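# Report on the structure
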Amino acid sequence: AEPVGLLEAGGRVLAEPLAALRTHPPFDASAMDGYAVRSSDVQNLPATLTVIGQAAAGHPFGGAVGVGEAVRIFTGAPLPGEADAIVIQENTTREDDHVTVIEGRPDAEHIRRAGSDFRAGDVLIPSGTRLASRHVLLAANMVHARIPVHRKPIVAILSTGDELIPPGEPLAPGQITASNAYAIAALAKAAGAEPLHLGIARDTMESLDAHIAKAVRADVLVTIGGASVGDHDLVARALQQAGFALDFWKIALRPGKPLMHARRGALSAIGLPGNPVSSLICSRVFLVPLIERLLGVATSDRSAQTAILTTDLPANGPRQHYMRAHLQSSADGLPVVTPAASQDSALTALLAASNALIVRPPGAPAAQPGEKVTVLPIDF
């Protein structure tokens, strides 16, 4: 955990329950512009009262309201002593130091009572809350200038491959743009992590070793490419040489079969396939939950949900399939989801046009329109 100021708190995850340091409102305050009076003085109308002073926000009236008296009061001002009602100004006429209440009755809602929002000691924001603007507002009213939040996990991202060239640089024959790292950095940042770009390692053990060594201060190392079993796929060997213990290599997943996970002490390594669509989908499925776990997120708004299918789906094969799709709200309750026309994992424009993944379990039978399916949002 680390303390941050209120201006930096938005989007961070609270590391411990937050209790109010004061009662709010701290005093009975007027919710309207008008006159602070004794309710017994305005039972019979019209009633003429002597105005003995004024109270405004930040400028309370120091005395008390006696029988037959009133204090001119403005919204946010503390209620003067002995006053127990507010008469709104629209129900009065004023002449010199006298005010006449001509109609209406005092309304209890015209006074904001001390502690009507919360009281000192009340635990109002639980640990694990991802702080939205409404939580920051509440924390400020609870008089917290600094808030304990979980440190952002550092996600080091390493591209691998002789064919890769940074975006914007000219491509020679056989070369392609290294796009994956930038997408994964954006995804990691949106999930609450701090991305660290390690650059591009070439297909040699020396280059991989040098780049992996740069992840020394990271919590997660993400490698892109080189995770398969070809002659140039060296990442697994390089990770083991760097002291990582391989947990698994290859998974019954589509797209993204050549995915690996390894650990070295507290450092997790996720080896992603080099295909851009596969790497981003695998990051959504594996990296985002890992980041949220490291952050101590109590409840995720990025969890799987249920939607109604709008079109036919064929039976699924032996691997769990994450199908790109478009999810939209429905007036009938559950959202509806439409799979993309093509699931070719080379189509990045199609992925950009999608906002959800339909999750098809291994061996799932054919599905018909109107059936419920599980979806993962990918709108970040």
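Quick summary incoming for the structure in this document. (Residues numbered from 1 in each chain as written. Predicted model: local features only at pLDDT ≥ 70, side-chain atom pairs only at ≥ 80, totals over all residues. Heavy atoms only, no water.)

### Looking at the overall build of the protein chain
- Within the protein chain one finds six helices and 26 strands.
- Relative to the 2.2 N^0.38 estimate, which gives 21 Å for 380 residues, the radius of gyration of the protein chain is 31 Å and therefore markedly larger than a compact globule would have.
- With an accessible surface of roughly 18300 Å², the protein chain has 53% of that area assigned to carbon and sulfur atoms.
- Charged side chains of the protein chain number 31 positive and 36 negative; the gap between the two group centres comes to 9 Å. (Helix = DSSP H or I, 4+ residues; strand = E, 2+ residues; numbered from the N terminus. Rg over C-alpha atoms; globule rule 2.2 N^0.38 Å. Areas by Shrake-Rupley, 256 points an atom, 1.4 Å probe, with all protein chains shown as cover. Lys, Arg positive; Asp, Glu negative; His and termini not counted. Charge placed at Lys NZ, Arg CZ, Asp CG, Glu CD.)

### Notes on the pattern of salt bridges
- For the structure shown, the criterion picks out five salt bridges.
- One salt bridge connects Arg 151 with Asp 219, and the closest N-O pair in it is separated by 2.9 Å. One end of the pair, Arg 151, is in the loop between β12 (146–149) and β13 (154–160); the other, Asp 219, is in the loop between α3 (205–212) and β17 (220–224), with 68 residues separating them in the sequence.
- Judged by relative accessible area, Asp 219 falls into the buried class, the value being 18%. (Salt bridge = Lys/Arg side-chain N within 4 Å of Asp/Glu carboxyl O. Buried < 20%, exposed > 50% of the residue type's maximum accessible area, 1.4 Å probe, protein only.)

### Considerations on the pairing of strand β26 (residues 372–377)
- Alignment of strand β22 (residues 305–309) against β26, held across four bridges, turns out to be antiparallel. The residue bridging Ala 307 from the neighbouring strand is Val 373, located in β26. (Pairing = 2+ DSSP bridges.)

### Quick notes on the packing of helix α2 (residues 180–191) against helix α5 (residues 276–295)
- The interhelical angle for the contact between α2 and α5, taken along N-to-C directions, is 30 degrees, at an axis separation of 9 Å. Taken as axis vectors, α2 and α5 run roughly parallel relative to one another. For the pair α2 and α5, the crossing hand works out as right-handed. Contacts from Asn 180, Ala 183, Ile 184, Leu 187, Ala 188 and Ala 191 in α2 reach Pro 276, Ser 279, Leu 280, Ser 283, Arg 284, Leu 287, Val 288, Ile 291 and Leu 295 in α5.
- Looking at the contact of α2 with α5 residue by residue, the classes come out as 11 nonpolar, three polar and one charged. (Axes fitted to C-alpha atoms, helices over the stretch in contact; angles between N-to-C directions. Parallel < 35°, antiparallel > 145°, perpendicular 65-115°, else oblique. Left-handed = near helix turned anticlockwise from the far one by under 90°. Contact = heavy atoms within 4.5 Å. Nonpolar A, V, L, I, M, F, W, Y, C, P; charged D, E, K, R; others polar.)

### With respect to the packing of aromatic side chains
- Taken as a whole and assessed by the stated rule, the structure comprises zero aromatic pairs.
- Its end group placed over the ring of Tyr 35, Arg 72 keeps NZ or CZ at 5.1 Å from the ring centre. (Phe/Tyr/Trp six-rings, centres within 6.5 Å; stacked < 30°, edge-to-face > 60°. Lys NZ or Arg CZ within 6 Å of the ring centre and 35° of its normal.)

### Here we look at the sheet that holds strand β7 (residues 85–88)
- Taken in spatial order, the six strands make up an open sheet running β7-β4-β6-β5-β9-β8, and their pairing is mixed. Each of the sheet's edge strands pairs with one partner strand only, and the pair in question is β7 and β8 (92–95). Strand-to-strand, the axes of this sheet are offset by a mean angle of 35 degrees, without reference to chain direction.
- Bridge count for strand β5 (residues 47–55) against strand β6 (residues 69–73) is four bridges, and the pairing is parallel. For Val 51, the partnering residue across the bridge sits in β6 and is Ala 70.

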